[in-house]
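# Observations on chain architecture
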Amino acid sequence: MNWGGELLNVVDVEATCWDGQPPPGAVSEIIEIGLTVVDLAAGERVGRHRWVVRPVRSRVSAFCTELTGLTQAEVDRGVSFADACGELAREHLAGARVWASWGDYDRHQFTRQCRATQVTYPFGRSHVNAKAVFTQGYGLRKRPGMAEALRVAGLPLEGRHHRGEDDAWNIGALVLDLARADAWPTREETYGPQQP
């Protein structure tokens with residue numbers, strides 16, 4: 001397939017989480033956004049970006065720190081969610097580029113948080129569920145997690161799993177693996193009713 005000069009934004013987020021129910025009044029909020037820019041035509045990852053985001057309605061639990069490596073002290077120094085969304089839109093053309101994530105969690109989390117905080121949703125209509133594409137491309141019966149997909153594809157897990165920046169980088173490698181096999185959808189195939 002010919003993608004021309006098509007750049008794809010691969011996004012992975014980490015959010016506040018708990019081992020069990022959240023504390024009273026707390027909601028899951030994005031605390032890290034990882035972005036890998038993939039040049040589909042060139043067959044390479046051409047950009048790697050990270051935003052640490054300051055939560056306002058929750059705190060980082062010990063469980064969350066163990067999972068992601070992120071601490072409350074680190075996220076306290078982060079940018080606001082609104083600023084991170086603004087940078088995605090301005091600096092990385094998030095509203096115009098096709099974007100992908102591993103599953104639909106990231107898309108739903110952005111949708112929920114944008115609605116709750118009245119922040120403009122930074123992405124356009126064109127989202128690809130890379131997990132679904134991988135499952136179909138490899139003829140699997142069940143949708144694998146990202147780490148399992150890397151194993152299936154024979155690719156290394158680079159960096160720390162459950163770190164947004166590293167996960168986006170690894171998902172970018174899986175996207176390129178699918179593109180080389182002619183299993184990644186064209187831009188036209190990705191449009192659908194996926195705008196919040």
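Up top is the structure.
Residues numbered from 1 in each chain as written. Predicted model: local features only at pLDDT ≥ 70, side-chain atom pairs only at ≥ 80, totals over all residues. Heavy atoms only, no water.

## Considering the overall build of the protein chain
For clarity, the threshold we go by: For helices the rule is a DSSP run of H or I covering at least 4 residues; for strands it is a run of E covering at least 2, with both sets numbered from the N terminus onward. With C-alpha atoms as the basis for the radius of gyration, the globule rule is written as 2.2 Å multiplied by the number of residues raised to the power 0.38. Relative accessible area decides the class of each residue, using a 1.4 Å probe on protein chains only: under 20% of the type maximum gives buried, over 50% gives exposed, and in between gives partly exposed. Residue contacts are counted whenever heavy atoms from the two residues lie within 4.5 Å of one another. For the accessible areas, the method is Shrake-Rupley and the probe is 1.4 Å, while residue cover comes only from the protein chains on display. All tallies of charge rest on Lys and Arg as positive and Asp and Glu as negative; His and the ends of each chain are not included. Taken as the charge centre is NZ of Lys, CZ of Arg, CG of Asp or CD of Glu, depending on the residue.
Secondary structure summary: the protein chain contains 8 helices and 5 strands in total. Counting helices and strands in the order they occur from the N terminus, the protein chain gives β-β-β-α-α-α-β-α-β-α-α-α-α. Relative to the 2.2 N^0.38 estimate, which gives 16 Å for 196 residues, the radius of gyration of the protein chain is 16 Å and therefore close to what a compact globule would have. A burial count over the protein chain gives 53% of its 196 residues as buried. Restricting the contact set of the protein chain to residue pairs at least 6 apart, pairs at least 24 apart contribute 70%. For the protein chain, the exposed surface amounts to about 9,300 Å²; the carbon and sulfur share of it is 48%. The protein chain carries 22 positive and 25 negative side-chain charges, and their two centres are separated by 4 Å.

## Overview of the sheet that holds strand β1 (residues 7–15)
To keep things clear, this is the line we draw: Strands pair, by our definition, only if DSSP identifies at least two bridges between them. Whenever a helix is involved, its axis is fitted only over the stretch in contact; in every case the axis is a line through C-alpha atoms, and angles between N-to-C directions fall within 0 to 180 degrees.
Strand order in the open sheet formed by 5 strands is β3-β2-β1-β4-β5, with mixed pairing between adjacent strands. Every other strand in the sheet has two partners, leaving β3 (44–52) and β5 (127–129) as the edge strands with one partner each. Across this sheet, the average inter-strand angle for adjacent strands is 25°, counted without regard to direction. Inspection of the sheet shows β1 paired to strand β2 (residues 30–39) by 9 bridges, in the antiparallel sense. Note on β2: the bridge partner recorded for Val 10 is Thr 36. Lying over the sheet, helix α3 (residues 81–91) contacts β2 and β3, oriented at roughly 5° with respect to β2. Against the sheet, helix α4 (residues 105–117) contacts β1, β2, β4 (99–101) and β5, and its axis sits at roughly 70° relative to β1.

## Thoughts on the packing of helix α6 (residues 146–153) against helix α7 (residues 164–180)
So the rule is basically this: We call two directions roughly parallel when the angle between them is under 35 degrees, roughly antiparallel when it is over 145, roughly perpendicular when it lies between 65 and 115, and oblique otherwise. Each crossing is labelled by how the near helix is turned from the far one, with a counterclockwise turn of less than a right angle marking it left-handed and a clockwise turn marking it right-handed. Gly is placed with the polar residues, together with every amino acid not listed as nonpolar (Ala, Val, Leu, Ile, Met, Phe, Trp, Tyr, Cys and Pro) or charged (Asp, Glu, Lys and Arg).
Put simply, α6 and α7 touch, their axes get as near as 10 Å, and they point 40° apart. In terms of axis orientation, α6 runs oblique to α7. Classified by chirality, the crossing of α7 by α6 is left-handed. Touching Met 146, Ala 149, Leu 150 and Ala 153 of α6 are Asp 167, Asn 170, Ile 171, Leu 174 and Asp 177, all from α7. Considering only residue class, the contact of α6 with α7 consists of 6 nonpolar, 1 polar and 2 charged.

## Regarding the pattern of salt bridges
Opposite charge on two side chains permits pairing when their charged atoms draw close. Formally: In the sections that follow, a salt bridge refers to a side-chain nitrogen of Lys or Arg positioned within 4 Å of a carboxyl oxygen of Asp or Glu.
With the rule as written, the count across this model stands at 7 salt bridges. Glu 148 is paired through a salt bridge with Arg 151; the nearest N and O atoms lie 2.5 Å apart. Taken together, the positions of Glu 148 and Arg 151, both in helix α6 and 3 residues apart, correspond to about one turn of that helix. Residue class for Glu 148 comes out partly exposed when judged on its relative accessible area of 35%.

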